[in-house]
Structures are given as C-alpha cells and as structure tokens.
Amino acid sequence: MSRSPSGRGYARSIQGQGMPESDLTWLSLLVFLPAAFATGLLVFPAKWHEAMRWWALFGAAGTLAVSLCVVIGYFSMIDHYPDANGYPRYAVETRLDARADRDASDAAQQIPKVKQSEDWITRRGWIARFGAQYALGVDGISLAMVVLTTVVMFFAIIASWKIEHSVRGYLALVLVLESGVIGAFVALDFFLFYVFYEIMLIPMFVLIGLWGGARRKYAALKFVIYTLLGSVGLLVALIGLYTVNVRDFVDQEDVKQRAVEIAKAEHGPTPTAEQVAQAAERVTVHTFDFVTLGKVGRAVMLVLNGQEERLAPQLKFGESGSNDPSKQVGLFAPGVKTEDAIARLKSQPVCTKQFQYLFFAMLFLGFAVKVPIVPLHSWLPDAHVEAPTPISMILAGVLLKLGGYGLIRVAFPICPWAASELAWWIGLIGVIGIVYGALVAMGQTDFKKLLAYSSVSHMGFVVLGLAAWGSGNHSQYWQWGINGAVFQMFAHGVTASALFFVVGVIYDRAHHRDVNRFGGLKEPMPLYSGFAAILFFASMGLPGLCGFVGEFMVLAAAWDFSPTLAVPAILSVILTAGYLLWTWQRVFLGTNEQTQSYPDLSPREAAVLFPFVALAIALGIFPQAILFSWVDPSVTGWVANLSVLK
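Note that the structure is a prediction, hence the values are computed from the model and not measured. (Residues numbered from 1 in each chain as written. Predicted model: local features only at pLDDT ≥ 70, side-chain atom pairs only at ≥ 80, totals over all residues. Heavy atoms only, no water.)

1. Thoughts on the overall build of the chain
Scanning the chain for helices and strands turns up 25 helices and four strands. A compact globule built from 646 residues would reach a C-alpha radius of gyration of about 26 Å, and the chain, at 25 Å, matches this within 12%. Principal-axis analysis of the C-alpha atoms places the extent of the chain at approximately 95 × 60 × 45 Å. Within the chain, contacts between residues at least 6 apart in sequence are counted, and of these 79% link residues at least 24 apart. Surface summary for the chain: the accessible area is close to 23,700 Å², and the carbon and sulfur share equals 64%. (Helix = DSSP H or I, 4+ residues; strand = E, 2+ residues; numbered from the N terminus. Rg over C-alpha atoms; globule rule 2.2 N^0.38 Å. Contact = heavy atoms within 4.5 Å. Areas by Shrake-Rupley, 256 points an atom, 1.4 Å probe, with all protein chains shown as cover.)

2. A closer look at the confidence of the model for the chain
Looking at the chain, pLDDT values average 90 and 96% of them are 70 or higher. Within the chain, the element-level pLDDT minimum falls on helix H1 (residues 8–11), averaging 33, and the maximum on helix H5 (residues 140–159), averaging 97. (pLDDT = per-residue confidence, 0-100.)

3. Considerations on the packing of helix H8 (residues 201–211) against helix H9 (residues 216–242)
Relative orientation of the contacting elements H8 and H9 amounts to 160 degrees, with a least axis distance of 7 Å. By the angle between their axes, H8 is roughly antiparallel relative to H9. For the crossing formed where H8 meets H9, the hand is right-handed. Contact residues: Leu-201, Met-204, Phe-205, Ile-208, Gly-209, Leu-210 and Trp-211 in H8; Arg-216, Ala-219, Ala-220, Leu-221, Phe-223, Val-224, Thr-227 and Leu-228 in H9. Of the residues assigned to the contact of H8 with H9, the class counts are twelve nonpolar, two polar and one charged. (Axes fitted to C-alpha atoms, helices over the stretch in contact; angles between N-to-C directions. Parallel < 35°, antiparallel > 145°, perpendicular 65-115°, else oblique. Left-handed = near helix turned anticlockwise from the far one by under 90°. Nonpolar A, V, L, I, M, F, W, Y, C, P; charged D, E, K, R; others polar.)

4. Here we look at empty space enclosed by the protein
Following the criterion strictly, the structure yields six cavities of 30 Å³ or more and no others. What lines the largest cavity is a set of 26 residues, among which Leu-96, Asp-97, Arg-409, Trp-638 and Asn-641 lie closest to the centre. Of all the elements in the fold, those that place two or more residues in the lining of the largest cavity are helix H3 (49–80), helix H4 (96–108), helix H12 (290–304), helix H16 (389–414) and helix H25 (623–643). Of the residues forming the lining of the largest cavity, the biggest block, six residues, is contributed by H25. Among the residues making up the lining of the largest cavity, the classes are represented as 13 nonpolar, five polar and eight charged. (1 Å grid on protein atoms, 1.4 Å probe; cavity = no way out; pocket = protein on both sides within 12 Å on 5 of 7 lines; lining within 4 Å. Points joined across faces, edges and corners; volume = space filled by probe spheres on them.)

5. Description of a nonpolar patch on the surface
A cluster of nonpolar side chains, namely Trp-559, Val-567, Ile-570, Leu-571 and Ile-574, defines an oily patch on the protein surface of about 490 Å² accessible area. Counting residues per element, the nonpolar patch draws most heavily on helix H23 (residues 563–588), which supplies four residues. With respect to the secondary-structure elements, Val-567 resides in helix H23. (Patch = residues over 30% accessible without salt bridge, like charges linked within 9 Å, V, L, I, M, F, W, Y side chains within 5 Å. Salt bridge = Lys/Arg side-chain N within 4 Å of Asp/Glu carboxyl O.)

6. Describing the nonpolar core
Nonpolar side chains in soluble globular proteins tend to be buried together. Among the nonpolar cores identified, the biggest contains 223 residues, and Phe-190 and Tyr-528 are the most heavily contacted of them. The dominant element in this core, judged by the number of residues it contributes, is helix H20 (residues 475–510), at 19 residues. Non-local contacts of Tyr-528, meaning those with residues more than four positions away in its chain, are made with Val-502, Val-505, Ile-506, Leu-521, Phe-588, Asp-600, Leu-601 and Leu-609. (Core = buried A, V, L, I, M, F, W, Y, C linked by side-chain atoms within 4.5 Å. Buried < 20%, exposed > 50% of the residue type's maximum accessible area, 1.4 Å probe, protein only.)

7. Focus: helix H10 (residues 252–267)
The terminal C-alpha atoms of H10 lie 22 Å apart, and with 16 residues this matches the ideal 22 Å at 1.5 Å per residue to within 8%. Taken as a whole, H10 has its buried residues at Gln-252, Glu-253, Asp-254, Val-255, Ala-259 and Ala-263. Looking at the buried side of H10, the elements it contacts are H4 and helix H11 (273–280). Here H10 starts with a cap whose side-chain oxygen sits 2.8 Å from the backbone nitrogen of Glu-253, and that cap is Asp-251. Following H10 by one or two positions, Gly-268 adopts a phi angle in the positive range, close to 100 degrees. (Expected span 1.5 Å × (residues − 1). Polar contact = N/O pair within 3.5 Å; in protein donor to acceptor, adjacent residues only side chain to side chain.)

8. Concerning the pattern of salt bridges
Summed over the entire model, instances satisfying the criterion amount to 17 salt bridges. One salt bridge in this structure joins Asp-382 and Lys-222, with 2.9 Å as the shortest N-O distance. Remark: Lys-222 occurs in helix H9 and Asp-382 occurs in helix H15 (residues 379–386); sequence separation between them is 160 residues. Classification of Asp-382 as buried rests on a relative accessible area of 12%. Given a relative accessible area of 16%, Lys-222 falls into the buried group. Glu-605 serves as the salt-bridge partner of Arg-509, at 2.9 Å between the closest nitrogen and oxygen. Separated by 96 residues along the polypeptide, Arg-509 in helix H20 and Glu-605 in helix H24 (residues 603–621) bring together distant segments of the chain. For Arg-509, a relative accessible area of 16% gives the class buried.

Take a look at the structure:
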C-alpha cells in the first residue's frame, strides 16, 4: 500500500527540524553553478588561457556531478514509495504534478507549512505583482535532458581546448549557455522557463558569430531570427494563458485570503463574513505554473469533448485521476463546488475551440523551430556549418532537445484538446521531417551539413512518437511512443555530439569537410575509424546500439496509431542506412595518398570520443537499467493524465 509523502521518507529533512530545504540547494546549484564558474573567469589574468580552460572544465565537471547526485536523490525518492500494487517507483504521489500540487498547497496556507526536502520541488516568491515564482522541479523526463546536457557540455569544453581567440569570453559564454539550458529543463513556472529559454539565445548567437566560419555572421543572424520568431509565439501564449482565471484549481485557502483582502479594502479592517463571501465571488487567480495550467487544459478537454460530468474536485492535492474513462477525473481543488467551477470555466475564452487551436499552434511552432521541423529547419544546416566543432556538439546534442522537451512539458499538457485533434497532422509533420531529412542528407557532400540534415530526420521520430495519441487499451502504445521519443532525444544527443566531433577531428587535419575528398582514413587512423564506425551504426539504428531502441518504440506506437504514417517512417530506415553507409564508404574505405600522413586520435580526442562510444553501446544493451528505470515512471504518469481524457 502506498505511503503518504508525510511519512518517514519526506520527514527526515524538513525545515521544521531546523535543517535547510536540501532540494532548493541542490536544484539551485545545478542551475547556477556553471554561471558562477563563468563569473569566476573574470578574475583570471588575460593570458592565463590554460588555467581558464581547466577552471571551466572543473565547473562543467562539478555540474555533471551535481546532476548525477540529483538523479540518485530522485531515484531514491520514487523507489521509496510503492504504488497501490506494491511496485516501487510508480506511486501516484511521486509524480511531478502531484508533488508540485502539494508544494503549492503548502505554500498557500496562511501559515505556510514546513518545506519538504526530498520531494525535489522548490518554490519561492519572485515577482509578486505578477505571481511569477522561482519554481524548480524534476522528474525522469527533465532529468534525462539535464544529464544529457551536463555530459555534452563537459566534453564540449574538452573539445574546445584548441580555441585560442578570446578564450575567457568563449568559455564564459559556454558556461552561461549551460545554466540557461538546465534552468529551462527544471523550471516549473512559465515565466521563469521563458527567461531561461531566452538566456540561451545570446550566448549561442555570439559563439557562432565570433568563433564561427567564413559565413558566421549570416548563420548567427539566421539562427536569431528563426529563434525569435518562435519566442514571439511563446511570449504571446505566456501572456494569453496568464489571463486564465485558475481560482478553482488552486488551494482554496489562497482564494479565501484574497477575498479577505478585497473585503478589507472595500469595508475596512474588520469585514463581516457576508462581505468576505461576496468578495470571494469576485476573486480571480492568475498563474504561470505549468502544473496548474495543465489541470485547466485537461478540464477544458473534458468540457469540449462533452464529458464535463466527469469533472470533480480532488479529495486531496496530489490525487490522480482514474485511468477508467467511465470514472470521474479529479482536477478541481478540494472543497470546490463542481457546478460553479464548471460554469466559471465555460465562461472563459480558454474553454473554446478557437482559443485551444490558436494557443496550441503558438506553443507548437515556438518549440518546433528548435526541434526543428520542416520547413522551419533551414537555420540549422547553416548554423552547424559555420559553428566551431564544440558549439555544433552543443547545438545538436542539447539545444535541439529543448524543442522536444517543450512539446512534452508545455504544449501537449496545457492544450491537450487541440493536440489530440491535430495528432495525425502532427505525426505527418514528423514523418515529413524523417523522410525529407534523410533524402537531403543523401545528397550532401559537406560532412557537417550531412549530419545537420540527419538531425532533422532523427528528431522527426520525436515528433512522431509524441503524436501517436492513444486512449484506453491503446494508451500503452502511446506510452511506448513517449518513452521512445525521450530515449531518441537522449540517444541522438549522444551520437550527434560525437559525430560532429568526428567531423572536427578530420577537419583539423584536412582543413575541409568534403566527403568526396577523404577516403582511405581507415589505414592511417584505425582507432578514429573504429570509433566512428560504432557511432555511424548507432545513428543508423543498428540493434544493440542506442539508436535502435527509441526508433523501434516510436515506430511500434506509430503503427498502432496510424499505419499510413508508420509505413513511410519505417521505409526511411533504408534511406538512413543508405546515406550513412555511403558516407562511411567515401570517408574511410579505399586508399588516398593525401590522407596517409594524418595522425590518429590524440589522447584528448580519444578522451572525448571514447565515453560517447561507450554510452552508445551501453544504452543499446542496457536501456532499462540506464534510462527507463527512472524515466518510465514519469512517462507513465504523463500518459495517464492525458490518455484518460479522450
């Protein structure tokens, strides 16, 4: 039988016992440690380049260590609470929305309750006038992206050892970029998320614009224009969603306190109970909180689907809705009158089909630019071609994942009705990206541009997996799709980062990226060729390597959702194998006198490639132990929240 979060697991370390809120410390350290090390670079003398490199590497290593500590702490938390059937890690009270709900409820009390130190949710007031909060939290989905970020950033800094121009500025920008990315992955407040999301723009623009190739200014400007277009959509959605009155979805103690304040302002310091009750009818509550906005979105979906009779208040915060479509779904706050809450919800623009379509479109396009989807992808090849090798590693390994993560964390949960109605078309967009990216990659001769279009193709599987919406008996397949999408993002981050470093290694020797001018690299560079072969096969989706797991799960989900979409996605595997094997043949096989003098991997280069190769193999052989054991419980909760609505 599952235990309440007020049990011994949560009570060991709380502020009421005179100890600090440890998850506030850990999560804040995770976000701001890279920025702190970036600030520390300012004290180094200008010519201490080697010391700066080691300082930045130490900061990245510290952030990687903190991320692994958070994973261990999170896994211990979910493993401590069995579900209703006695299985660990799947208890309802350990889901992100349940933990965030409880934390918000505790903070809303007139005398706030003590902070739980092991729920991996932290919340502090930030901009009180607008209700923006410093709210951070993690689950398996966000932590997978955080770990990927810290791993890629660590090795990208090692790959940056040959950067000689403005070393201090370069390393500081990379570390600030890391703080922005991690902050976006762990933010639970839309306003805070948007701030972190935009913080990433400036460092990447400068890194491409100052340290890039001959057309770096054009590539940097194109990157900014596309990203800003997406950001405008997110900003409009953020403002529009803030106008929603969420009073029936938050702790009613907050509503009571606001009613008392209104009554005092109108009737003096001692209003009567009747005056307070009248004021309560006029209370409006606005929020940027992802979890609360998600509950509104789910309630709207039930109303628009003609199932408003299933709406009900929760018995307590953190309660999950039933997976049985015939049962009620607890979304309103405890103590709320269902009829009044439904009437208030239906009176708002948010409960209209037009609002749902419009705001989902803005959210989807805002994140789709980062995925990127076709036709919003053209900034990516230019950015990759002109960016220095370490920045290409970060761009492919980390920044593209923000698009997929935003769809999972923001777009689908907040506007689920529109997402479900447009699911087939979203899947079609994913399939177009898969096929188009593979076809265009096959025609490239620039090694970097080939990998850039390959990324467009591989990230299309993420969109397809998300779109494979399933309810009832089909929800299991959708769960496969979401798991596959998350795994695909992680696996692609590993292989793409490593492959762009593979290009950087040979570019340092040949000073060009034309695959037709290489050839014969297997003879002078056997270690390099062996590592590259494993990474090529992993990207191809060979069973036993990391690329196979995510793609297989997505394709299985897509087949259940729509065979029409699944068939071209499955056939694209042939195209992927074709362009990767052809590239491998042109670069590594045969003989070429011009490449015979190239030295094999240096110790530094081998130190970068070997961990990626090891990860590609380990993820393919042990996906459950390495990733799914702590990602699947979060995906299960995410799917359970949405699949029950249709």
